[in-house]
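Structure at a glance
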Protein chains: 2
Amino acid sequence: MIAIDWGTTSLRAFRLDAEGRVLETRRSATGVLACAGRFEEVLAHEIDGWDDPLILMSGMIGSRQGWHEVPYVECPAGLGEIAAAMTPIEAASLPDRRIWIAPGMTVKSRDGLRDVMRGEETQVCGLLGDFGAGRHLVCLPGTHSKHVDIVDGRIERFHTAMTGEVFDILCRHSILGRLMEPGAHDPEAFSAGVDDAQRRDDLLAQLFAVRTKGLFGDLPASGLSSYLSGLLIGHELNDLPQAFDSLHLVAADQLLMLYERALIRRGHHARSHADFAAAKGLHALAACRNLPSQ
Amino acid sequence: MIAIDWGTTSLRAFRLDAEGRVLETRRSATGVLACAGRFEEVLAHEIDGWDDPLILMSGMIGSRQGWHEVPYVECPAGLGEIAAAMTPIEAASLPDRRIWIAPGMTVKSRDGLRDVMRGEETQVCGLLGDFGAGRHLVCLPGTHSKHVDIVDGRIERFHTAMTGEVFDILCRHSILGRLMEPGAHDPEAFSAGVDDAQRRDDLLAQLFAVRTKGLFGDLPASGLSSYLSGLLIGHELNDLPQAFDSLHLVAADQLLMLYERALIRRGHHARSHADFAAAKGLHALAACRNLPSQ
């Protein structure tokens, strides 16, 4: 089968064997925003030469801005509910393919705030089979980091932290960026940020300290972005619950390394998962729904 | 005398009588950044027609990027120490004037973080005479909000929250801004933000809720920026200490109104001070230093 993780700014295609092992991968910048509505054409191009009849897709391709809007599944939900909500779509130019889009998920927190995800729930589906009973946390760092709380094999709740986007706009558009000099990752400055985030919860005040640390030479200008990164990731990790049975990270290499370091600093050991989780998740959903891969 | 509040992006000039009453005010956009080093020329232009010999200035004009760098005074300090640190400067084209620049202030918090201000300490100096013994808080909202803690008539400590700047860049550059529609201030959405900020301390997660409130219609698109404003101001106010004798606000009209509302929502009553505090402060510093105004 073919598994496609189709996000806002990129698309990744995986060709899988019957057991869900990744045979081949492709990546392109034709995310939902870049497609200008020509999803069928882009898909045909991306899978050119792969003749597998079954195609499963997840991510923003199932949003209102995507190919076909697939409603959110409400928490708590397990593999069964998510698989049941998958929606088949027609593609006239690809008549010999069966194409499905996975749903996103939504949750209403105790204080009434709504949260949503699209794509990350599928990555988590790729891990659910490995978890036994108990409480397991999956952290998916990124522009909008997701923390997913799994209880007895079902996604119980989740929340989003705008860590990556806030880091990016502070570096590019705020007074903090003006003092920063490009440099290699500075592990010491990063750790100092992670530690400072644990000491206090007044993020708006701590951000200004990035500036004063630069002004007073407490940190070299080349270490300021690592410090800010540590500070923001540290604040995100302040929300980790006290007790759980295992903690998992799903991210690409560079983010994975940062979050591993931050978690070790906080005394946690996380298991890191390669970035193939979406492919594994889509394979699990196909199997759950008994979709024949031929 | 002439009092000048010369900041990064604007300049305000006040002509005062011997008792420090404001006789006349002028405002221009020739902040430190816009002067391109031609401070003497800009000053001569701004005070054209005012023949008072004594000129006192505060704000970024005393920074490294300003006319002449005046070192920071360390906390705790009162009117006496701040007045003693004022520095006279020469202006060849204004030979009959005596020109002084007030210092900024710096503080090192318990956890070793440095903070700085330039200009706000002078505004606080304008209020010190009204305070008796005890603990008084002055909040100066803005791009970088300052909270100044006054104990027995001296500035004991302060900290900065990047509230205004973070609001601005989130509206202009983040995904949150994309859902926002221009509209009048929405008091209900603002209050909801102030309340939500008190309930939780995970700001990075709460920011994402601005988006989901828009997506799910919990707030109208025209109320999202008021909600975000309430959320950020609410987080800033989470840092207010439990016990103090009085609370004061110094800001221009629109910010004053927002902070008054947020403080009332939190059960505080703040005394609001007109934006002339800088003029009053420079007059107090001149009197403390016994500078003759003729």
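For the structure itself, look to the data block above.
None of the values given here were measured: they were computed from a predicted structure.

**Brief notes about helix α8 (residues 203–215) of chain A**
Residue and element names in this part refer to chain A. For α8, spanning 13 residues, the distance from its first C-alpha to its last is 19 Å, which sits close to the expected 18 Å at 1.5 Å a residue. The buried fraction of α8 is high, at 11 of 13 residues. Every buried residue of α8 is listed here: Leu 203, Leu 204, Ala 205, Gln 206, Leu 207, Phe 208, Ala 209, Val 210, Arg 211, Thr 212 and Lys 213. Positive phi shows up at Gly 217, right after α8, with a value of about 70°.

**Concerning the pairing of strand β11 (residues 145–151) of chain B**
Note on strand geometry: in a regular strand, side chains alternate between the two faces of the sheet. All names here are of chain B. Counted residue by residue, β11 has 6 buried out of 7 residues, so it is predominantly covered. In the sheet, strand β10 (residues 135–140) pairs with β11 via 6 bridges, with the strands oriented antiparallel. Among the inter-strand pairings, Arg 135 is bridged to a residue of β11, identified as Val 151. Between β10 and the antiparallel strand that follows it, β11, lie 4 residues. Across 7 bridges, the pairing between β11 and strand β12 (residues 154–161) is antiparallel. Following the sheet pairing, Ser 145 is matched in β12 by Ala 161.

**A few points about the packing of aromatic side chains**
Applying the stated criterion across every chain yields a total of 10 aromatic pairs over all chains. A ring pair is formed by Phe 216 of chain A and Tyr 72 of chain B, whose centres lie 6.1 Å apart and whose planes are at 35°; its orientation type is tilted. With Phe 216 of chain A in the loop between α8 and α9 (224–237) and Tyr 72 of chain B in the loop between β4 (54–58) and β5 (73–74), the pair connects residues from two separate chains. Joined through ring pairs, the aromatic side chains of Trp 6, Phe 39 and Trp 67 of chain A make up one cluster. Across from the ring centre of Tyr 72 of chain B, 4.5 Å away, lies the NZ or CZ of Arg 118 of chain B, which sits over that ring.

**Quick notes on the packing of helix α4 (residues 120–128) of chain A against helix α11 (residues 277–288) of chain A**
All names here are of chain A. Look at α4 against α11: their axes get within 7 Å of each other, and the N-to-C directions meet at 75°. Between α4 and α11, the interaxial angle falls into the category roughly perpendicular. Two secondary-structure elements touch here, α4 through Thr 122, Gln 123, Cys 125 and Gly 126 and α11 through Ala 277, Ala 278, Lys 280, Gly 281, Leu 282, Ala 284 and Leu 285. Grouping the amino acids of the contact of α4 with α11 by side-chain chemistry returns 6 nonpolar, 4 polar and 1 charged.

**As for the relation of the copies chain B and chain A**
You can overlay chain B on chain A at an RMSD of 0.0 Å; the transform is a turn of 180° with a shift of 0.0 Å along its axis. Expressed as an axis order, the relation between the two copies is that of a two-fold axis. A share of 100% of interface residues in chain B that are also interface residues in chain A marks the association as one of identical surfaces.

**Topic: unusual backbone geometry**
Generally, phi is negative for residues other than glycine and the peptide bonds are trans, each holding for most cases. Residues and elements named next belong to chain A. Cys 75 connects to Pro 76 through a cis peptide bond whose omega is -5°. Position of Pro 76 relative to the elements: it lies in the loop between β5 (73–74) and α3 (79–84). Despite not being glycine, Asp 152 shows a phi value in the positive range, around 50°. As for its placement among the helices and strands, Asp 152 is situated in the loop between β11 (145–151) and β12 (154–161). Judged by relative accessible area, Asp 152 falls into the exposed class, the value being 52%.

Procedures and definitions
- Residues numbered from 1 in each chain as written.
- Chains lettered and ligands numbered in written order.
- Predicted model: local features only at pLDDT ≥ 70, side-chain atom pairs only at ≥ 80, totals over all residues.
- Heavy atoms only, no water.
- Helix = DSSP H or I, 4+ residues; strand = E, 2+ residues; numbered from the N terminus.
- Expected span 1.5 Å × (residues − 1).
- Buried < 20%, exposed > 50% of the residue type's maximum accessible area, 1.4 Å probe, protein only.
- Pairing = 2+ DSSP bridges.
- Phe/Tyr/Trp six-rings, centres within 6.5 Å; stacked < 30°, edge-to-face > 60°.
- Lys NZ or Arg CZ within 6 Å of the ring centre and 35° of its normal.
- Axes fitted to C-alpha atoms, helices over the stretch in contact; angles between N-to-C directions.
- Parallel < 35°, antiparallel > 145°, perpendicular 65-115°, else oblique.
- Contact = heavy atoms within 4.5 Å.
- Nonpolar A, V, L, I, M, F, W, Y, C, P; charged D, E, K, R; others polar.
- Least-squares fit on C-alpha atoms with pLDDT ≥ 70 in both.

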